[in-house]
Amino acid sequence: MPSPIAHSISGYAIARLPCFRDSILQRWLMSPPALLYSVLVANLPDLDFVPQLVTGIRFHRGPSHSLLAALLVSSFLTWALQRYQNYRYRHNPSGQPSYGVLFVFAFGLYASHLLLDLLTSGGSGLPLLWPLSTHQFSSPWPIFPAVHHSRGLWDASHWVFISAELIYATGLLMGLRYFKTSPKIRPD
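Residues numbered from 1 in each chain as written. Predicted model: local features only at pLDDT ≥ 70, side-chain atom pairs only at ≥ 80, totals over all residues. Heavy atoms only, no water.

Engineer: Any chance you could explain the packing of helix α3 (residues 32–43) against helix α6 (residues 99–118) here in plain terms?
Structural biologist: When two helices pack together, their arrangement is given by the angle between the helix axes and the distance between those axes. Packing of α3 against α6 leaves a shortest axis separation of 7 Å and a crossing angle of 45°. In terms of axis orientation, α3 runs oblique to α6. In this structure, α3 meets α6 at a crossing whose hand is right-handed. Contact residues: Y37, S38, V41, A42 and N43 in α3; F105, A106, L109, Y110, S112 and H113 in α6. Among the residues forming the contact of α3 with α6, the class breakdown is 7 nonpolar, 4 polar and no charged. (Axes fitted to C-alpha atoms, helices over the stretch in contact; angles between N-to-C directions. Helix = DSSP H or I, 4+ residues; strand = E, 2+ residues; numbered from the N terminus. Parallel < 35°, antiparallel > 145°, perpendicular 65-115°, else oblique. Left-handed = near helix turned anticlockwise from the far one by under 90°. Contact = heavy atoms within 4.5 Å. Nonpolar A, V, L, I, M, F, W, Y, C, P; charged D, E, K, R; others polar.)

Right under this line is the structure:
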């Protein structure tokens, strides 16, 4: 599974996508709290380890890694953020992103986590259609190697995993930089 570093880089990259140029959302995304929000939402599905620590029952890659959880969490986060934005921009309502834009943004962040976990070899897969189906989905073309936690923190086999994450992060950030510096496409 990708580490919080890969999930965080993905959240950061989504917040910096060129499709948000010259929009109200991009102005909001330039703030440090918004970038922190992006990184936290991209890592949110892995908070399922907390009940696992408390109860000892395996929760990781369970219902929190489903599309239903992505929809529910994105709806709640968007509702909370919209309430905050309504308070913040109460004198200028036109200065805030719409509910739909914020929802798509939150859903994209959460879904990026699911996509990265789906592209990992090993494991039993993800319950993407939970509770409608118990089928575990996994990609036939993984880009992240499996992690062997039982081998300890300093095992040499982890260099393969670390290298894959570094290549992914470097490629993502280089692509983002390329699109950031490329000229905007404007209709004539």
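Engineer: I tried to follow unusual backbone geometry on my own but got confused; where do I start?
Structural biologist: With an omega of 5°, the peptide bond between W130 and P131 qualifies as cis. Its identity is not glycine, yet R61 carries a phi of approximately 60°, on the positive side. Take R61: it is sitting in the loop between α4 (49–55) and α5 (67–88). Its relative accessible area of 10% is what places R61 among the buried residues. (Buried < 20%, exposed > 50% of the residue type's maximum accessible area, 1.4 Å probe, protein only.)

Engineer: In this structure, what is going on with the pattern of salt bridges? I would like to understand it.
Structural biologist: Where charged atoms from two side chains of opposite charge come close, those side chains can pair. Under the definition given, this model contains 1 salt bridge. In this structure, D117 engages R61 in a salt bridge whose closest nitrogen and oxygen atoms are separated by 3.9 Å. Residue D117 is found in helix α6, and its partner R61 is found in the loop between α4 and α5; the two are separated by 56 residues along the sequence. Comparing D117 with R61, the two get one shared label, buried. (Salt bridge = Lys/Arg side-chain N within 4 Å of Asp/Glu carboxyl O.)

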